[in-house]
Amino acid sequence: MAWLDKLERRLGFLAVPGLMRIVVGLTALVFMLVRLNPDFRFVLDLDPARVLHGEVWRLVTYIFLPQTASFLWIILFLWFLWFIGDGLEQAWGAFRLTLYFFVGVIGTTAAAFFFGARFSNSMLFASLFYAFARFYPDQVIYILFILPVKIKWLAWVSAAFLLFGFFINSNSYRMALVAAFVNYLIFFGPEIVYEARHRGDVSSRDGEEYCMAHLPRAESPAR
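Asker: Looking at this structure, how should I read the confidence of the model for the chain?
Answerer: Detailed reading of the predicted coordinates is not advisable wherever pLDDT is low. For the chain, per-residue confidence averages 87 on the pLDDT scale, and residues scoring 70 or more make up 89% of the total. Ignoring residues within four places in sequence, the model shows residues 210-216, a span with pLDDT below 50, making 2 contacts including any to other chains. Confidence drops under a pLDDT of 50 for residues 218-223, and excluding neighbours within four residues, the segment shows 0 contacts in the predicted structure.

Encoded structure:
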């Protein structure tokens, strides 16, 4: 995408190398603080009403608020976040990953403020996962270190649940979901549309393409 190249040339200095490793470290720190004082999470979560009353730190701190109190699950989550973060930075570079992440933050925050969504940071991390699946669809991970599964199948299953929720919930939920995934739509939407059109063109030509030996022959003029 040409506009991303131009943006990187102008604003490349804003890139944060190792961004996801920083996020992993801060999430681990917040997890320990919440374990010591469970009420601490209510000071950090994304609460639009409290933000409007001056608690602006919530616009940042909710990003690092873990959605589990289990040591096992937080270790698995942080390992996976580190893993996909490194993969995305390798595929994109630090600038584009930084941009993708912070556009995702803006989208998730907008979903909370304008549509009342209580996604917290779950959709933000889901958008990172889907981006990773675009670049590494055949990457195999082992669920609970036992069951081998390709990333693309996990992504499809997760997307099916989101799509189901999109259809059964209210319009405000639908708009919130779109807002939360605005980063994915910006970065991958044009590519997905192009692929869909290309598949449609190929399908429409099925049965109409011939090798040279089987081209339809024009009838010989009558003598």
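There's plenty left to go through after this.
Asker: How do you make sense of the packing of helix H8 (residues 122-135) against helix H9 (residues 151-168) when you look at a structure like this?
Answerer: Describing two packed helices takes the angle between their axes plus the distance from one axis to the other. Interaxial distance between H8 and H9 falls to 9 Å at its minimum, and their mutual angle equals 140 degrees. With respect to each other, H8 and H9 are oriented oblique. Every pair of crossing elements has a handedness; the one defined by H8 and H9 is left-handed. In contact with Met123, Phe129, Tyr130, Phe132 and Ala133 of H8, H9 contributes Ile151, Leu154, Ala155, Ser158, Ala159 and Leu162. Its residues assigned to classes, the contact of H8 with H9 comprises 10 nonpolar, 1 polar and no charged.

Asker: Please clarify how a nonpolar patch on the surface should be interpreted in this entry.
Answerer: Nonpolar side chains collect at one region of the surface, where Leu72, Trp73, Ile143, Leu144, Phe145, Ile146 and Leu147 lie side by side and expose about 790 Å² of accessible area between them. With respect to the secondary-structure elements, Phe145 resides in the loop between strand E1 (140-143) and strand E2 (147-150).

Asker: Got a minute to help me understand the packing of helix H2 (residues 19-36) against helix H7 (residues 94-115) in this structure?
Answerer: Relative to each other, H2 and H7 sit at 45 degrees, their axes nearing to 10 Å. Compared by their axis directions, H2 and H7 come out oblique. Of the residues in H7, those in contact with Leu19, Met20 and Val23 of H2 are Leu97, Thr98, Phe101 and Phe102. Each residue belonging to the contact of H2 with H7 can be placed in one class, and the counts come to 6 nonpolar, 1 polar and no charged.

Asker: Help me out: how do you make sense of the pattern of salt bridges in this one?
Answerer: Pairs may arise between side chains of opposite charge once their charged atoms sit close together. Overall, the coordinates contain 10 salt bridges when judged by the stated rule. For Arg50, the salt bridge goes to Glu55, with nearest N and O atoms at 3.8 Å. Measuring nitrogen to oxygen at the nearest pair gives 3.7 Å for the salt bridge that ties Asp138 to Lys150. You can see Asp138 sitting in the loop between H8 and E1 and its partner Lys150 sitting in strand E2, a full 12 residues away along the chain. Residue Asp138 is classed as partly exposed on the basis of its relative accessible area, which comes to 44%. It is possible to trace a salt-bridge network through shared partners that takes in Asp45, Asp47, Arg50, Glu55 and Arg58.

Parameters and conventions
Residues numbered from 1 in each chain as written. Predicted model: local features only at pLDDT ≥ 70, side-chain atom pairs only at ≥ 80, totals over all residues. Heavy atoms only, no water. pLDDT = per-residue confidence, 0-100. Contact = heavy atoms within 4.5 Å. Axes fitted to C-alpha atoms, helices over the stretch in contact; angles between N-to-C directions. Helix = DSSP H or I, 4+ residues; strand = E, 2+ residues; numbered from the N terminus. Parallel < 35°, antiparallel > 145°, perpendicular 65-115°, else oblique. Left-handed = near helix turned anticlockwise from the far one by under 90°. Nonpolar A, V, L, I, M, F, W, Y, C, P; charged D, E, K, R; others polar. Patch = residues over 30% accessible without salt bridge, like charges linked within 9 Å, V, L, I, M, F, W, Y side chains within 5 Å. Areas by Shrake-Rupley, 256 points an atom, 1.4 Å probe, with all protein chains shown as cover. Salt bridge = Lys/Arg side-chain N within 4 Å of Asp/Glu carboxyl O. Buried < 20%, exposed > 50% of the residue type's maximum accessible area, 1.4 Å probe, protein only.

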